[in-house]
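# Tertiary structure, described
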Amino acid sequence: MRTVDLRHPIGVLDAYWNRQSGQLRFLKIAAENCAYDILRGADGLLRRHQVDIVQFTYVPGADGVRWLTVWSLLRRNGYRVLDVETGSAVGIGDQQDHQSDFLAIHERLAGPLLNEPPETGIAFPLLDRYGIRPTGALHVGGAHKGDEIKTYRTRGISPVVFIEANPGLAQGLRDRFAKDADVTVIECAASDSEGTATFKITSMDQSSSLLDLKDHAKLYPKIGVTETIEVRTAPLDQLLAEAGVDLSKLDFIAMDIQGAELMALRGATETLKHINALQLEVNYSELYEGCPLISDLDAFLGDHGFIRVMTNTPYSEEWGDALYIRRPMVTCSAVGNMGRFGNQLYQYMFIQSYAREHDFTAATPIWAGDEMFEVKPGVDPLPKMPFGIEETKYDLETSNIANDPLLHPNTDFTGFFQYHSRYYKPYKAEILRDFTFKGAYADRVAEIAALFEKQPGPVVPLHLRRGDFGTGVFFIAPESWYLDWLAPLRQAHSDLTLYIASDDPAAVLPAFKDFNVLTEADLPATDLPHGFFTDFAALTLGDHLAISNSSFSFAASLLNKTAQSFARPCLTEQRLIPYEPWNAPVLLRAHEAEDVGEEFMSDRAKGRSKYKWRKLRKLFG
């Protein structure tokens, strides 16, 4: 048994475990204030069902994450959550108002540990939820008398191909389906090569295999080999071609061949190109000599475009069934079509993060970032998804997607996705890699960096948004707040230089007349499209950074790798306050300009009839 006791938060648990193939039987998180962040850093382990049981402590409000957010994350990955003290299951509506300890048990162990009746059979209902409805089935081994045909018929699946190595069972299948034109029976042992092999027939037909018994003999000592015979082996691709089966009509595989699954799949690479889902028998230990473990099947099928979405071990935690589906796609049609550049950055970050978390494939339309960054390029036309969902909230705590216990494969997402940046932090390295500047834009960044390098002391970029600010959460932050924040910096660095990024430089520059000030005008002229780019790039550089309450400049701060401090305006405190770009809300939304004072509003906002009526209501109660 492998255990990991996390008494202190670590960056990414996936990286700590280093993608080891072994199962993590028990994970204890003793860091009370950051259970959510640790679980977010373990998305690969949780997605692959590689952790059986998680023990963690939840402290309401301690880490700024609601119980629903933690519970939904675990549920999306197939975990049942139990209260340690009561032993009872905890549901979506159970609010936690005091510190409690919990166990999250993966549903593959629900039967043995929670005394629930086992779920067996092919997981067609789960395939329905993924939008997969098989039309033709390849059933390899495990058919016994062919009773699965009833399920296939009910689902309208035709044709059906049975492959059986045991001659007696194969003959029984041929006799049963002699009059069924859409059923093909092939007698052979599916493998990765043509030849013959010794087939071990056991006292229980379902345990017969090409492989010798190993741990199976310990788990089931009453089952033993009663007979050995020589059988033909051949790759599935070859067998189906010999039988004249049209591969394009097969899109589902059920396989139960007692540890020989990987051999059979290696001989089915052409067949796999047509398959949308597979249900296989899997092993967590060597029940058969030299059999692949579940991690081996994950790796092979992952290389062929499949992910595991269900693991069921109802009779023993050492073996069971797993369902694999072709990697789903998710899209974000909002990118480039909903909001301006700053919004598009978060939309791209979201769809890529969601896909990475669940091992999906992400696609976006063509957008401005394709020209500037090393992002995964947008596509035209964007594939049309069968499902769609809109993010209706801004913050992580109330998000209808981040708090959804259900996954959304094959879905188009729309919204702004300006969550607390902790949501994106597990993918910081990937995001920074995607948002690496390229081409002429990288050349422009180099020009800015060279200008900053020429200055005698530290360079401090400031973002002062004016033109379209002055209403709602997009308030006008007074220049005096920036001057107050700059005072100690200037005292420590008399040679300090400012770079002013503003959509109205003439309005803000006079306030900083006592400083050495740079603007875009101090750089060589450029004919690059996207006139905002120079200021955005400048904000990603510098030794200290102060932004507006702006998604645009907050995004730039996420990409700034050199700044020693970050500050932003706060209406609550009436000053600039420090923040950590990768652990902060994108926008401060506690107050709006109209609620605080007209000095934070634009003339246009003050002239709106809606605001005038609001003032009158305040005056007259």
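These remarks concern the structure in this document. (Residues numbered from 1 in each chain as written. Predicted model: local features only at pLDDT ≥ 70, side-chain atom pairs only at ≥ 80, totals over all residues. Heavy atoms only, no water.)

What follows deals with the overall build of the protein chain. Tallying secondary structure elements over the protein chain gives 24 helices and 25 strands in all. Here the C-alpha coordinates of the protein chain stretch approximately 95 × 55 × 50 Å along the principal axes. Within the protein chain, the fraction of its 621 residues that count as buried is 55%. Nonlocal contacts in the protein chain, meaning residues at least 24 apart in sequence, comprise 67% of its contacts between residues at least 6 apart. With an accessible surface of roughly 26,900 Å², the protein chain has 51% of that area assigned to carbon and sulfur atoms. For the protein chain, the centre of its 62 positive side-chain charges and the centre of its 83 negative side-chain charges are spaced 4 Å apart. (Helix = DSSP H or I, 4+ residues; strand = E, 2+ residues; numbered from the N terminus. Buried < 20%, exposed > 50% of the residue type's maximum accessible area, 1.4 Å probe, protein only. Contact = heavy atoms within 4.5 Å. Areas by Shrake-Rupley, 256 points an atom, 1.4 Å probe, with all protein chains shown as cover. Lys, Arg positive; Asp, Glu negative; His and termini not counted. Charge placed at Lys NZ, Arg CZ, Asp CG, Glu CD.)

What follows is about the pattern of salt bridges. Under the defined criterion, the tally for this structure stands at 30 salt bridges. Between Arg40 and Glu357 there is a salt bridge; the shortest N-O distance is 2.9 Å. Placement of Arg40 in helix α2 (residues 35–40) and of Glu357 in helix α14 (residues 341–358) is noted, with a sequence separation of 317 residues between them. When sorted by exposure, Arg40 lands in the same class as Glu357, which is buried. The partner of Arg232 in a salt bridge is Glu194, and the shortest N-O contact between them spans 3.2 Å. One end of the pair, Arg232, is in strand β11 (residues 225–235); the other, Glu194, is in the loop between β9 (189–191) and β10 (195–202), and 38 residues separate them in sequence. With a relative accessible area of 30%, Arg232 lands in the partly exposed category. Of the residues examined, Glu194 reaches a relative accessible area of 47% and is grouped as partly exposed. Because the salt bridges share partners, they merge into one network encompassing Arg25, Asp52, Arg108, Glu317 and Glu318. (Salt bridge = Lys/Arg side-chain N within 4 Å of Asp/Glu carboxyl O.)

Here we have 4 strands laid out as an open sheet, ordered β17-β16-β19-β18, and parallel in their pairing. Across the chains shown, the open sheet's two edge strands, defined by having one partner strand only, are β17 (361–363) and β18 (387–390). Strand after strand, the sheet turns through a mean of 25 degrees between neighbouring axes, direction not considered. In this structure, strand β16 (residues 329–331) lies alongside strand β19 (residues 411–414), joined through 2 bridges in parallel fashion. (Pairing = 2+ DSSP bridges. Axes fitted to C-alpha atoms, helices over the stretch in contact; angles between N-to-C directions.)

Attention now moves to the pairing of strand β3 (residues 51–58). Within β3, 7 of the 8 residues are buried, which leaves it mostly tucked inside the rest of the structure. Relative to β3, strand β2 (residues 24–29) runs parallel, the two being bridged by 5 bridges. Bridging across to β3, Phe26 finds its partner in Ile53. By the bridge criterion, 6 bridges tie β3 to strand β5 (residues 100–106) in an arrangement that is antiparallel. Residue Val54 lies in a different strand from β5, and its bridge partner there is Ala104.

On to the nonpolar core, then. In terms of nonpolar packing, the biggest core is built from 120 residues, with Phe56, Phe350, Phe373, Phe435 and Phe536 touching the most fellow members. Here this core takes 9 residues from α14, the largest share from any one element. The contact partners of Phe350, leaving out residues within four places of it in the chain, are Ile401, Phe413, Phe417, Tyr419, Tyr423 and Tyr424. Leu239, Ala260, Ala264 and Ile275 belong to the second-largest nonpolar core, a separate cluster that totals 35 residues. (Core = buried A, V, L, I, M, F, W, Y, C linked by side-chain atoms within 4.5 Å.)

Where α14 meets helix α21 (residues 551–559), the axes come as close as 7 Å, and the angle between the chain directions of the two elements is 50 degrees. Comparing their axes, α21 and α14 come out oblique. The two elements α14 and α21 meet at a crossing, and its hand is left-handed. Along the contact surface, α14 presents Phe341, Gly342, Asn343, Leu345, Tyr346 and Met349, while α21 presents Ser551, Phe552, Phe554, Ala555 and Leu558. (Parallel < 35°, antiparallel > 145°, perpendicular 65-115°, else oblique. Left-handed = near helix turned anticlockwise from the far one by under 90°.)

What follows is about helix α8 (residues 167–176). The set of residues buried in α8 consists of Leu169, Ala170 and Leu173. Taken end-on, α8 shows its buried residues confined to a sector of 100 degrees, consistent with a single buried face. Looking at α8, the residues exposed on the side facing more than 90 degrees away from the buried face are Gly168 and Asp175. The N-capping residue of α8, defined by a side-chain oxygen 3.0 Å from the backbone nitrogen of Gly168, is Asn166. (Arc of directions from axis to C-beta. Polar contact = N/O pair within 3.5 Å; in protein donor to acceptor, adjacent residues only side chain to side chain.)

Let us look at the environment of Ser565. Locating Ser565 in the fold gives a position in the loop between α21 and β24 (566–570). On the basis of relative accessibility, which here comes to 24%, the residue Ser565 falls in the partly exposed class. Along the primary structure Ser565 and His544 are separated by 21 residues, whereas in three dimensions their C-alpha atoms are 5.0 Å apart. The contacts of Ser565, once residues within four sequence positions are left out, are Trp485, Asp543, His544 and Leu545. Here His544 takes part through its side chain, which lies 2.6 Å from a polar atom of the side chain of Ser565.

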